[in-house]
Amino acid sequence: MPSVTMFGIYYAPDRSGNAPYTTGTAEFLAANGWDVTMVTGMPHYPEWKKRRAPAQSIINGVRIIRANHYVPSNPTTLGRGAMEVTWTMGAWRPLLSRLNTDVVVGITPTLAAAWLAAATAKRSHSPLVLWFQDLMGQAAVQSGIDGADRIAGAVKRIEHRLALGADQIVMCADGYQSYFEEADIPPERLSVVRNWSTMPKPTKTRSETLAQHGLSEAAVVALHSGNMGAKQGLDVVLDAAENRSEVTWVLQGDGSERRSLEASAKERGLTNVVFLPSLESEDLSSLLSAADVLLLTQLPAVTDMSLPSKLTSYLTSGTPVVAAVHPDSEAALLLREAGSAQITAAGDGAALASAVTSAIGCSAPMVNSADLFGSPEKIEKVLLQAIEARTRQPGLVG
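Residues numbered from 1 in each chain as written. Predicted model: local features only at pLDDT ≥ 70, side-chain atom pairs only at ≥ 80, totals over all residues. Heavy atoms only, no water.

Moving on, we get to the packing of helix α1 (residues 19-31) against helix α15 (residues 376-391). Following both chains from N to C, one finds α1 and α15 inclined at 70°, their axes separated by 9 Å at the closest point. Judged by the inter-axis angle, α1 sits roughly perpendicular to α15. For α1 against α15, the interelement crossing comes out right-handed. Every residue of α15 that contacts α1 at Gly24, Thr25, Phe28 and Leu29 is listed here: Pro376, Glu377, Ile379, Glu380 and Leu383. Of the residues belonging to the contact of α1 with α15, the class tally is 5 nonpolar, 2 polar and 2 charged. (Axes fitted to C-alpha atoms, helices over the stretch in contact; angles between N-to-C directions. Helix = DSSP H or I, 4+ residues; strand = E, 2+ residues; numbered from the N terminus. Parallel < 35°, antiparallel > 145°, perpendicular 65-115°, else oblique. Left-handed = near helix turned anticlockwise from the far one by under 90°. Contact = heavy atoms within 4.5 Å. Nonpolar A, V, L, I, M, F, W, Y, C, P; charged D, E, K, R; others polar.)

Here's what the structure looks like:
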């Protein structure tokens, strides 16, 4: 029975970001006979409010070790840095005992997870797999977080150095490859495994879903679901709402910018903007299906720092998608490949409003998930490759 130790600060019960994919992979491996240890943090995302969770537990076959850490209420560069440092200090103790593992995985964000995984792999003489959901060096430039651009060069150098020490690198987007090739990492160590949909099938009708959330059955709903952070640039949705008062613009989820967006909508008298909380996957699936249009927005500067995880759920919902993103962004490239979205200029509220009007009443094409998305099975394949490659090098396995 192979064993794996995984490091990643985001894990269930967090519902968004990379948590569903880390959790899904860990539980898939456990169900498939692996001995899985997950070293993670405290639940806090996307609300940026720390919730309680036991320090150690076993859930769905996964041994979970949680290190306590600071959670900033406003995730500035300094606040995020403090969170990573305090989590690293707490997660160091489990690292000391992780000396008998066949492979070690670090999931970014955060860089702390990559560093902890690298240190564990070195101590245990085990292969290291780094799974990049975001490129932290690029995020420092593109995310819109105050002060991040001043440390972008240093973050990129650290990220490249950690990547150079990995036996295998998993990337959630095709465009990440050039970033790692820039660091002279051989192509054979790079694998693209896109995220996948974790949404169950809808269980409620459109009328039931709209009534559940206080929306009229006659409403024309343009829905943005998920994190409300800086890089989403969601002010553009408020601008669009001013242009199309007949559309109900729904912002569902949570994040560091939610309070600011709520205050702005109120100040601008946008009675056609509705805020909904984070939802369980069953309710979220029904809401995605009930909407007339799904919205994806990003700051104009966002290109290759990340691939929004919501796209996997959007593209399998059967609802048309309108994306206000940079035309060369990873999101735009995936949407063009899927052939299932209208792409309009990032940051342009009038253009977004016009695109939404055009999309209303349209049908979304069927998406072949097997061809377009990854799976836990594909992650497992990379882990097994790393183990096999290391065993072919005598003297390197402890």
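This part is about unusual backbone geometry. The omega torsion across Tyr45 and Pro46 is 10°, close enough to zero to call that bond cis. By secondary structure assignment, the location of Pro46 is in the loop between β2 (35-40) and β3 (56-59). Geometrically, the link from Thr108 to Pro109 is a cis peptide bond, its omega value of 0° lying close to zero. Turning to its location among the elements, Pro109 is positioned in the loop between β5 (103-108) and α3 (111-124). Even without a glycine there, the phi angle at Trp48 is positive, about 60°. Looking at the secondary structure, you find Trp48 in the loop between β2 and β3. Take Trp48: its relative accessible area is 4%, and that puts it in the buried class. The phi dihedral of Asp184 is positive, around 65°, even though this residue is not glycine. Structurally, the position occupied by Asp184 is in the loop between α6 (177-181) and β8 (190-192). (Buried < 20%, exposed > 50% of the residue type's maximum accessible area, 1.4 Å probe, protein only.)

A few words now on the pairing of β3. When β3 meets strand β4 (residues 62-66), the two strands line up antiparallel, connected through 4 bridges. Following the sheet pairing, Ile59 is matched in β4 by Val62. Linkage of β3 to β4, two consecutive antiparallel strands, is achieved through a turn of 2 residues, within which Asn60 is found at a positive phi near 50°. (Pairing = 2+ DSSP bridges.)

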